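# A look at the structure
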Amino acid sequence: MTLARPTHRVEPEAATDPFGVPIRPDVRLLASWYVDRRPDDLAAHLRRHGPLPHLAPEELIARVDAAGLRGRGGAGFPTAAKIRAVVRGRGRRGRRRPVVVANGCEGEPASHKDAALLHCAPHLVLDGIALAARATGAGTAYLCVHAGSPAAQALREQAAARRDVVSVRVEEVPARYVASEASALVQYLSGGPALPTSAPHRASERGVGGAPTLVDNVETLAHLALLARHGADWFRVLGTSALPGTLLVTTGGALRRPGVVEVPAGTPVRAVLDLAGGPVEPVQAVLCGGYGGTWASLDVLDVPLAPGPLEAVGATLGVPSLLALPVRACGLTQTAHLLRYLAGESAGQCGPCTFGLPALAEDVTALACSGPEAPAAHARLLRRLELVAGRGACAHPDGAVRLLRSALRVFDRDLRRHLAGRPCPAAAEAPVLPLPRPGRPILPSSRVSR
Amino acid sequence: MTHRSVGQRVRLDPIACTGHGLCADLVPELVTLDEWGYPRLQHGRTSGPVDADTLPLVREAVTACPTLALRMEPAPLE
Ligand SMILES: Cc1cc2nc3c(=O)[nH]c(=O)nc-3n(C[C@H](O)[C@H](O)[C@H](O)COP(=O)(O)O)c2cc1C
Ligand code: SF4
Ligand code: SF4
């Protein structure tokens, strides 16, 4: 690639954006948006960030390791270890050239951060793919987005504008929650259905077409593109020691300006919500980490957005998203809607997930409805929660169980009222959080007191 | 730990398992069925350690499973 002058940092003194809003010096991935309010094409990308440095594979991996980069796809696994596993997989006899898969599907309906990143800074992701290919010696790379995503065509054009050693194929994957789980992507790209598999080997050993495969979230790859340029120390200037760097966070629910924000890991939840304009109406709880994440009471407002501190209050970072639940909504009813959605997204392959999730959804719906059968449903639910987690081929059922457990804890007062046959006024309300398919009200309004 | 002595663990493939329940009939000591008829290993997970005492039972179940959903495999090194 030919290059323009590298001007890689967002300068703190670049005072305001075209709208007069002060530019935050801690914005990295979304700088194009914050500074210029438009996506970067290749020329703008090179002007802003400069060229990719030429690093030997070992140098690059060492840099990722020193930076402490962790995956942004939900599990937070150290990226350097994943790259090394693929390099090891390559070393085995008879193995094929590695494959890099950039996961931009964003199956989690609560999250829009990958879409925002792919829109604003496609070349950071494409840089990251090129670097990951260099580090692993990959000969093939895929960038996966949901089928029908408006980003697909634009990404193909941006990818075609580049002259990377490895060309990137933009693949459209069925738009289902579990289709973007790593093993499902691998199976799909190998010519099979987009469903998780239970093969005992890892993708790093035998992935797409049997080749050692690196599956990384697109945000992870975009961070890789910047830390390769600026180094590990630069990367660690923001974030916490356990989770260095910035995070793209989706904010939503009862907020004034819901959307995607970029903040250093460890930013207090309240400060993140303030960036989204703060609440538009009184809020009772925050859904952290998406629909397979956790409800948290307002105690979470002062907690730093990082895995350790969140777990200490029973919450999870997951795919970073913060959705504010208004006081007027019923937490149990809203959880029932989410559970019904998650049950419908089961791939139907494993018994405990295929039968367990609908059963859990039915139980929590009965709790939300607050009828005479609610106490029995509650007892059943507690028993079934023990039966479902950890028994599927993928982590989908575990997310549903996590969400439900957190709901029983955080909405404890509502739960007791519902068990006593006194539901809250909003117990018949439609979903207040976005769901891919419109949910139906789960009980006739006549049942609700008041 | 005892499972080191045989160096094996048992793994249940939840996708391959069709819930016949044969395994639970044969080795109720190792496998119980949930309310939907799907097997739970001792620890309620999809894999578990095998020690010298349970080894013959596990072998029996592994042989009996009609869908090859139960397997023995080397225990991962710590
Ligand atoms: C049900 C399910 C859905 C998932 N969907 C996504 C997704 O849409 N995007 C993503 O990056 N990771 C998703 N993951 C996580 C991936 O399996 C994988 O861990 C991730 O892409 C690895 O990237 P990272 O190391 O950069 O985080 C999903 C996991 C599960 C269990
Ligand atoms: S656990 Fe559920 S979603 Fe995951 S593979 Fe099994 S049936 Fe599909
Ligand atoms: S015998 Fe095999 S298929 Fe039948 S329940 Fe046991 S593990 Fe599943």
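Residues numbered from 1 in each chain as written. Chains lettered and ligands numbered in written order. Predicted model: local features only at pLDDT ≥ 70, side-chain atom pairs only at ≥ 80, totals over all residues. Heavy atoms only, no water.

## A look at the overall build of chain B
On a plain count of helices and strands, chain B comes out with three helices and five strands. In chain B, the order of α-helices and β-strands from amino to carboxyl end is α-β-α-β-β-β-α-β. In chain B, buried positions account for 41% of the 78 residues. Contacts in chain B between residues at least 24 apart in sequence constitute 66% of all its contacts with a sequence separation of at least 6. A total of about 4400 Å² of accessible surface is found on chain B, and carbon and sulfur atoms cover 54% of it. (Helix = DSSP H or I, 4+ residues; strand = E, 2+ residues; numbered from the N terminus. Buried < 20%, exposed > 50% of the residue type's maximum accessible area, 1.4 Å probe, protein only. Contact = heavy atoms within 4.5 Å. Areas by Shrake-Rupley, 256 points an atom, 1.4 Å probe, with all protein chains shown as cover.)

## Comments concerning the sheet that holds strand S6 (residues 259–264) of chain A
Residues and elements named next belong to chain A. With respect to topology, five strands assemble into an open sheet ordered S6-S5-S9-S7-S8, the strand pairing being mixed. Whereas interior strands pair on both sides, the edge strands pair on one side only; in this sheet they are S6 and strand S8 (294–297). For this sheet the average axis-to-axis angle between neighbouring strands, irrespective of direction, equals 30°. Bridge count for strand S7 (residues 283–288) against strand S9 (residues 321–326) is five bridges, and the pairing is antiparallel. (Pairing = 2+ DSSP bridges. Axes fitted to C-alpha atoms, helices over the stretch in contact; angles between N-to-C directions.)

## Side note on the confidence of the model for chain A
Averaged over all residues, the pLDDT of chain A is 90; the fraction at 70 or higher stands at 91%. Predicted confidence for residues 1–14 of chain A stays below pLDDT 50, and this span has 27 contacts to residues more than four positions away or in other chains. (pLDDT = per-residue confidence, 0-100.)

## Description of the domain arrangement of chain A
Residues and elements named next belong to chain A. In terms of domain boundaries, chain A breaks down into domain 1 (29–236) and domain 2 (331–447). Between domain 1 and domain 2, the C-alpha centre-to-centre distance is 34 Å. Tallying the contact residues gives 10 residues for domain 1 and 12 residues for domain 2. The junction of domain 1 with domain 2 conceals about 900 Å² of combined surface from both sides, 60% of it contributed by carbon and sulfur atoms. Contact with domain 2 buries surface across domain 1, with Pro109, Arg176 and Tyr177 losing the most and accounting together for 48% of the total. On inspection of domain 1 and its partner domain 2, the count reaches one salt bridge. Ionic pairing is found between Arg176 and Glu345, a salt bridge with its closest N-O pair at 3.0 Å. Our count for the domain 1 to domain 2 interface comes out at four residue pairs in polar contact (both at pLDDT 80 or more). (Domains from an automatic or database assignment. Buried area = accessible area lost by both parts, 1.4 Å probe. Salt bridge = Lys/Arg side-chain N within 4 Å of Asp/Glu carboxyl O. Polar contact = N/O pair within 3.5 Å; in protein donor to acceptor, adjacent residues only side chain to side chain.)

## Here we look at the state of the cysteines
This model, assessed by the stated rule, comprises zero disulfides over all chains. Left without a disulfide partner, Cys330 of chain A is nearest to the cysteine sulfur of Cys424 of chain A, which lies 3.4 Å away. (Disulfide = S-S within 2.5 Å.)

## Side note on helix H15 (residues 356–369) of chain A
Residue and element names in this part refer to chain A. The end-to-end C-alpha distance of H15, which contains 14 residues, comes to 20 Å, matching closely the 20 Å that a straight helix rising 1.5 Å per residue would cover. Counting buried residues along H15, 12 of its 14 residues qualify, which places the element largely inside the surrounding structure. Taken together, the buried positions of H15 are occupied by Gly356, Leu357, Ala359, Leu360, Ala361, Asp363, Val364, Thr365, Ala366, Leu367, Ala368 and Cys369. Tucked inside the fold, the buried residues of H15 contact helix H13 (331–344), helix H14 (351–354), helix H16 (374–388), helix H17 (396–410) and helix H18 (412–419). Phi for Ser370, located one or two positions after H15, is positive at around 60°. (Expected span 1.5 Å × (residues − 1).)

## Some words on the site of ligand 1
Residues and elements named next belong to chain A. Taken together, 18 residues form the shell around ligand 1, and within it Gly73, Lys82, Gly107, Ser180 and Thr220 come nearest. A distance of 2.7 Å is found between an oxygen atom of ligand 1 and a backbone nitrogen or oxygen belonging to Gly73. Between ligand 1 and Asn217 there is a distance of 2.8 Å, counted from an oxygen atom to a backbone nitrogen or oxygen. In isolation ligand 1 exposes 610 Å². Once the protein is present, 86% of that is buried. Element by element, the count of residues in the shell around ligand 1 is highest for strand S4 (residues 213–217), at three residues. In terms of residue class, the shell around ligand 1 is built from six nonpolar, seven polar and five charged. (Near = heavy atom within 4 Å. Nonpolar A, V, L, I, M, F, W, Y, C, P; charged D, E, K, R; others polar.)

## Side note on the nonpolar core
By size, the foremost hydrophobic cluster in this structure holds 77 residues, and its most contacted members are Ile129, Leu143, Leu305 and Leu322 of chain A. Ranked by residue count, the leading element in this core is helix H6 (residues 122–136) of chain A, at nine residues. The residues contacting Leu143 of chain A, other than those within four sequence positions of it, are Ala102, Leu118, Val125, Leu126, Ile129, Leu155, Val168, Arg169, Val170, Glu171 and Val218 of chain A. In terms of nonpolar packing, the next biggest core, distinct from the first, is built from 62 residues, Phe411 and Leu415 of chain A together with Val50 and Leu70 of chain B among them. (Core = buried A, V, L, I, M, F, W, Y, C linked by side-chain atoms within 4.5 Å.)

## Things to note about the pairing of S8 of chain A
All names here are of chain A. By the bridge criterion, four bridges tie S7 to S8 in an arrangement that is antiparallel. When the bridges of S8 are listed, Val286 appears paired with Ala296. With antiparallel pairing between neighbouring strands as the criterion, S7 and S8 make up a hairpin whose turn holds five residues, including Gly289 at a positive phi of roughly 85°.

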